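Now for the letters of each chain:
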Amino acid sequence: MVNFSADLNQLVQAARNWDHASDALTVAAMQAQSIHFSHQDIAWGLFRETWDAQMTAARYMYDRLVEGRDETDSIARVLDHVAKVFQEQDQNFANVLIELEKDN
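Not measured: the values here are computed from a predicted model.

1. Focus: the environment of Asp23
Then step 1. Note on placement: Asp23 falls in helix H1 (residues 8-37).
Then step 2. The class of Asp23 is partly exposed, set by a relative accessible area of 43%.
Then step 3. Separated by 46 residues in the primary sequence, Asp23 and Arg69 place their C-alpha atoms 7.2 Å from one another.

2. Focus: the packing of aromatic side chains
Then step 1. The final tally for this structure, using the stated rule, is 0 aromatic pairs.
Then step 2. Residue placement shows Arg64 over the ring face of Tyr60; its charged tip is 4.7 Å from the ring centre.

3. Some points on the side chain of Ser22
Then step 1. Tracing the sequence through the fold places Ser22 in helix H1.
Then step 2. Looking at Ser22, the relative accessible area reads 5%, which means it is buried.
Then step 3. Not counting the four nearest positions on each side in its chain, Ser22 is found in contact with Arg69, Thr72 and Asp73.

4. Some points on a nonpolar patch on the surface
Then step 1. A grouping of Phe93, Val96, Leu97 and Leu100 is seen on the molecular surface, where their side chains present a nonpolar patch of about 380 Å² in accessible area.
Then step 2. Taking relative accessible area as the criterion, Leu97 reaches 42% and is therefore assigned partly exposed.

5. A word on the pattern of salt bridges
Then step 1. Counted by the stated rule, this structure contains 6 salt bridges.
Then step 2. Across the pair Asp63 and Arg59 runs a salt bridge whose closest N-O atoms are separated by 3.3 Å. Here Asp63 and its partner Arg59 are both found in helix H2 (residues 48-103), 4 residues apart, which amounts to about one turn of the helix.
Then step 3. A salt bridge links Lys102 to Glu99; its shortest N-O distance comes to 3.6 Å. Taken together, the residues Lys102 and Glu99, both in helix H2 and 3 residues apart, mark about one turn of the helix.
Then step 4. Given a relative accessible area of 59%, Lys102 falls into the exposed group.
Then step 5. You can call Glu99 partly exposed: its relative accessible area is 42%.

Rules and cut-offs
Residue numbers restart at each chain and count upward from 1, following the sequence in its written direction. Reporting of local features is limited, given that this is a predicted model, to residues whose pLDDT is at least 70; pairs of side-chain atoms are given and counted only at 80 or more, and all residues count toward the totals for whole chains, interfaces and linings. Just so you know, side-chain values use all the structure's heavy atoms and leave hydrogens and water out. Going along the chain from the N terminus, every DSSP run of H or I of four or more residues is numbered as a helix, and every run of E of two or more is numbered as a strand. Exposure classes here rest on a 1.4 Å probe applied to the protein chains alone. A residue is buried below 20% of its type maximum, exposed above 50%, and partly exposed in between. For Phe, Tyr and Trp, where Trp contributes only its six-membered ring, two rings pair if their centres lie within 6.5 Å, and the inter-plane angle classes them as stacked under 30 degrees, edge-to-face over 60, or tilted in between. Consider the ring centre and the ring normal. A charge sits over the ring if Lys NZ or Arg CZ is within 6 Å of that centre and within 35 degrees of that normal. Throughout, a contact is declared for two residues whenever any of their heavy atoms are within 4.5 Å. Residues enter a patch when their relative accessible area is above 30% and they make no salt bridge; the linking distance is 9 Å between like charges and 5 Å between nonpolar side chains (Val, Leu, Ile, Met, Phe, Trp, Tyr). The method behind every accessible area is Shrake-Rupley, applied with a 1.4 Å probe, and residues are considered shielded solely by the protein chains displayed. The term salt bridge refers to a side-chain nitrogen of Lys or Arg lying within 4 Å of a carboxyl oxygen of Asp or Glu.

Below you can see the structure in the form of structure tokens.
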């Protein structure tokens, strides 16, 4: 049998860190989106190809950042769920020990 232990505080902190990463990616995605939507009314004439390339790059950055945000959010949720399960099991085990102590 595998000996497995988890530090509940580190698990909760890891979940928070992934959640913060998700928030940071959201901000970055919004900034990339603002590049995509900025100055749409300007006719760039000679620089149209450059402008189109910038729009394509901004859209690509936005899409990848949103994917990253979703994945980091998912990781945060899983870690948070695991931490809650461990905490619940630990509390149940503590309650059993308390009851055993009372009976003796």
